[in-house]
Amino acid sequence: MVTPPIRTTCTGSSDNGSYLGMDRFGEQIAPNWHYTHLHDHVLPALLQAGVTQAQLDTMLVDNPRRYFSPANS
């Protein structure tokens, strides 16, 4: 079995599920967390580490589009 590269199967998000409890426990669990953390910190760090913009587009745009599209499209 051939495993596809992670960029073709990985997706990223920051959603409301992260918000649940963050107002109560946020500073203890994740002191740097906020709604824009993914875009403000994670994505720039990935780019600096050598991930290309095209790879990020695959993970953040193409993969979710494929996942949520009807099977016959």
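Heads up: the structure comes first, above all this text.
Notes on the structure in this doc start here. (Residues numbered from 1 in each chain as written. Predicted model: local features only at pLDDT ≥ 70, side-chain atom pairs only at ≥ 80, totals over all residues. Heavy atoms only, no water.)

**What about the overall build of the protein?**
Within the protein one finds 4 helices and 0 strands. From first element to last, N terminus to C terminus, the protein shows the α and β order α-α-α-α. A burial count over the protein gives 12% of its 73 residues as buried. Of the contacts made within the protein by residues no fewer than 6 positions apart, 50% connect residues no fewer than 24 positions apart. On the protein, roughly 6,000 Å² of surface is accessible, and the fraction owed to carbon and sulfur atoms is 58%. (Helix = DSSP H or I, 4+ residues; strand = E, 2+ residues; numbered from the N terminus. Buried < 20%, exposed > 50% of the residue type's maximum accessible area, 1.4 Å probe, protein only. Contact = heavy atoms within 4.5 Å. Areas by Shrake-Rupley, 256 points an atom, 1.4 Å probe, with all protein chains shown as cover.)

**Considering the pattern of salt bridges**
By the definition in use, this model includes 1 salt bridge. A salt bridge links Asp62 to Arg65, with the nearest nitrogen and oxygen atoms 3.5 Å apart. You can see Asp62 and its partner Arg65 sitting in helix 4 (residues 53-68), 3 residues apart, about one turn around the helix. Under the relative-accessibility criterion, Asp62 is labelled partly exposed at 31%. Judged by relative accessible area, which is 52%, Arg65 ranks as exposed. (Salt bridge = Lys/Arg side-chain N within 4 Å of Asp/Glu carboxyl O.)

**Quick look at the packing of aromatic side chains**
Scanning all chains against the criterion turns up 1 aromatic pair. Their ring planes at 90 degrees and their centres at 4.8 Å tell us that Tyr67 and Phe68 sit as a pair that is edge-to-face. Taking the relative accessible area as the measure of exposure, Phe68 reaches 67% and is therefore exposed. (Phe/Tyr/Trp six-rings, centres within 6.5 Å; stacked < 30°, edge-to-face > 60°.)

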